[in-house]
Amino acid sequence: MNQPGPRVDVAIPDIAGWACGNTGIPYVWRFDGPASGPHVTIQGVTHGNEVCGAIVLDWLLRRKVRPVRGTLTLIFANAAAYESFDATDPYAARCLDEDFNRVWDGCVLDGPRRTRELDRARELRPCYDATDFLLDLHSMTDPCPALALAGRHAKGQRLARALGMPPYIIVDAGHRAGRRLRDYAQFDDPADARNALLIECGQHWERSTPLVAQQSALRFLRHFEVCDRAFLDAFIEPRELPPQQTIEITDVVTIASASFSFALPVHGMMTIARAGTLLARDGERDIRTPYDDCVLIMPAQRPKQGETAVRLGRYLDTSYQ
Ligand SMILES: [Zn+2]
């Protein structure tokens, strides 16, 4: 029986008109303000099927948003993967050869290996080296409330709190498979004021996801005071946002066998009250929650051997603030 394809409920902008850029690097737009200030970068399509970032960058460029101080750079990162997007097989556009968001280590970037993503990463690297503050807009495979991935240092959490959204702030060290851009070089140095935030804005193609991305971008620009305040305020939704909660990732459940299944219906940000609750079976192995009030972050609805089934986290007290 044929499975119906996933719904794509957002318009996919044609970004070919932005390919020329204005920096000598395709799909990179840089604008300098008339006064000194921070260099902020907003990035979309780190993953080519995560279209919310392309929608926001296209909107900012069409609105001719320019900095009143500092520098604003807008990057369509894996534009080539995005250009391959096909609504009949929308997951395929995540990347061309490898995950663009797992190569951000000096030894990988300086090493001999070549893929289309690594070529693009090397081309864009000077943009990040010049960036003080980066907002990297992503989305998720399965429905889940929006999350900020704040890295492992307090400065990442502070930036997420300064934006006031999204409602969940995740403290984590990234993936074993390779370093994320948000953890690249200065962004992961607690002694360096430069900072990065990755926001997972919702499910890839849900209608609300680009709105979360847009509001995140506008609040990021307002926080660093690089764009005209009246313009930003005209588009920032005035409604009060829910308080943010911080969750620390403690465990990554990787699928070891070909017969993995969750023992109960799961969804993103679900909390399991009791330690020792049976969460999943992986072949002969029972996986149980390690502590009370265990949060399931991005559980995979289509678990595959070798991949991450779910990450487990617990609410942190945020007294460091
Ligand atoms: Zn992503």
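I will try to describe carefully the structure that is included in this document. For clarity, every value in this text was computed on a predicted model and none was experimentally measured. (Residues numbered from 1 in each chain as written. Predicted model: local features only at pLDDT ≥ 70, side-chain atom pairs only at ≥ 80, totals over all residues. Heavy atoms only, no water.)

### Overview of the nonpolar core
Grouped together as the largest cluster of nonpolar side chains are 52 residues, with contacts concentrated most on Ile42, Leu74, Phe76, Leu197, Phe220 and Leu221. It is helix α1 (residues 52-62) that contributes the most residues to this core, 7 residues altogether. Contact partners of Phe76, with chain neighbours within four places excluded, come to Ile15, Trp18, Tyr27, Gly44, Val45, Ala54, Leu57, Asp58, Leu61 and Arg120. Core analysis: the next-biggest nonpolar cluster, separate from the first, contains 18 residues, Ala121, Leu181, Tyr184 and Phe187 among them. (Core = buried A, V, L, I, M, F, W, Y, C linked by side-chain atoms within 4.5 Å. Buried < 20%, exposed > 50% of the residue type's maximum accessible area, 1.4 Å probe, protein only. Helix = DSSP H or I, 4+ residues; strand = E, 2+ residues; numbered from the N terminus. Contact = heavy atoms within 4.5 Å.)

### So, the coordination of the zinc ion
The zinc ion binds to the protein through His47 (ND1), Glu50 (OE), Glu50 (OE) and His138 (ND1), with metal-donor distances spanning 2.1 to 2.4 Å. Each of the 4 donor atoms around the zinc ion contributes to a set of angles spanning 57 to 149 degrees, which defines the coordination as irregular. Each donor residue of the zinc ion lies on the same chain, and together they follow the pattern H-x2-E-x87-H. With His47 in the loop between β2 (39-44) and α1 and His138 in strand β4 (residues 133-140), the pair connects residues that are 91 residues apart, well separated along the chain. (Donors = N, O, S within 2.8 Å, 3.2 Å for Na, K, Ca; no water. Tetrahedral: all angles 85-135°; square planar, octahedral: opposite > 155°, others 65-115°.)

### Focus: the environment of Cys294
Tracing the backbone through its elements, the reader meets Cys294 in strand β13 (residues 294-297). Its relative accessible area of 0% is what places Cys294 among the buried residues. Note: C-alpha distance between Cys294 and Gly313 (19 residues apart in sequence) is 5.9 Å. With residues near it in sequence (within four places) discarded, Cys294 still touches Met270, Thr271, Ile272, Thr289, Leu312 and Gly313.

### Quick notes on the pairing of β13
Side-chain alternation along β13 places Cys294 and Leu296 on one buried face and Val295 and Ile297 on a second face that is also buried. Examined bridge by bridge, strand β10 (residues 270-272) and β13 share 3 bridges and lie antiparallel to one another. Within β13, the position partnered with Met270 by the bridge is Leu296. Strand direction decides the pairing type here: β13 and strand β14 (residues 308-315), joined by 3 bridges, are antiparallel. Among the inter-strand pairings, Val295 is bridged to a residue of β14, identified as Gly313. (Pairing = 2+ DSSP bridges.)

### Points about the sheet that holds strand β12 (residues 285-288)
Spatial ordering of the open sheet is given by β9-β11-β12, a layout of 3 strands whose pairing is antiparallel. Only two strands of the sheet have a single partner each, and these edge strands are β9 (260-262) and β12. Within this sheet the neighbouring strands show an average axis-to-axis angle of 20 degrees, counted without direction. Pairing of β9 with strand β11 (residues 278-282) involves 3 bridges; the strand directions are antiparallel. Along β11, the bridge assignment pairs Ser261 with Arg281. (Axes fitted to C-alpha atoms, helices over the stretch in contact; angles between N-to-C directions.)

### A few points about the sheet that holds strand β3 (residues 71-76)
Spatially, 11 strands are ordered β1-β3-β2-β4-β7-β5-β6-β8-β14-β13-β10 in an open sheet, and the strand pairing comes out mixed. Taken across any chain shown, the strands that pair with only one partner, and hence form the sheet edges, are β1 (28-32) and β10. Mean inter-strand twist for the sheet, computed between neighbouring axes without regard to direction, equals 30 degrees. In terms of strand pairing, strand β6 (residues 168-171) meets strand β8 (residues 245-254) through 4 bridges, oriented parallel. Looking at β8, one finds that Tyr168 is bridged to Gln245. Here helix α4 (residues 116-129) sits on the sheet in contact with β1, β2 and β3, set at roughly 165 degrees to β3. In the packing of helix α5 (residues 154-163) onto the sheet, the strands contacted are β5 (147-149), β6, β7 (195-203) and β8, and the crossing angle to β7 comes to about 55 degrees.

### Observations concerning the packing of aromatic side chains
Scanning the entire structure with this criterion turns up 15 aromatic pairs. Relative to Trp104, the ring of Phe100 has its centre 5.5 Å away and its plane inclined at 70 degrees; by these criteria the two rings are edge-to-face. For the residue pair Phe100 and Trp104, the accessibility class agrees, reading buried in each case. Relative to Tyr184, the ring of Trp104 lies with its centre 5.4 Å away and its plane at 75 degrees, an arrangement referred to as edge-to-face. In this pair, Trp104 sits in the loop between α2 (79-83) and α3 (106-109) while Tyr184 sits in the loop between β6 and β7, placing the two residues 80 residues apart along the sequence. Residue classification places Trp104 among the buried positions, given a relative accessible area of 1%. An aromatic cluster is defined as three or more aromatic residues linked by ring pairs; in this entry it consists of Phe100, Trp104, Tyr128, Tyr184 and Phe187. Positioned above the aromatic ring of Phe31 is the side chain of Arg66, whose terminal nitrogen or guanidinium carbon lies 3.8 Å from the ring centre. The residue whose ring lies beneath Arg314 is Tyr291, and the NZ or CZ to ring-centre distance is 4.7 Å. (Phe/Tyr/Trp six-rings, centres within 6.5 Å; stacked < 30°, edge-to-face > 60°. Lys NZ or Arg CZ within 6 Å of the ring centre and 35° of its normal.)

### Remarks on the pairing of β12
Along any regular strand the residues' side chains alternate between the sheet's two faces. The pairing of β11 with β12 spans 4 bridges and is antiparallel. Each bridged residue has a counterpart across the sheet, and for Arg281 the counterpart in β12 is Asp286. Between β11 and the antiparallel strand that follows it, β12, lie 2 residues; Gly283 among them carries a positive phi value of about 60 degrees.

### Describing helix α6 (residues 209-223)
Taking 1.5 Å of rise per residue, 15 residues should cover 21 Å, and α6 covers 21 Å from first to last C-alpha, within 8% of that figure. Burial runs high along α6: 12 of the 15 residues are buried. Within α6, the full set of buried residues consists of Thr209, Pro210, Val212, Ala213, Gln214, Gln215, Ser216, Ala217, Leu218, Arg219, Phe220 and Leu221. Positive phi appears at Glu225, one or two residues downstream of α6, with a value of about 55 degrees. (Expected span 1.5 Å × (residues − 1).)

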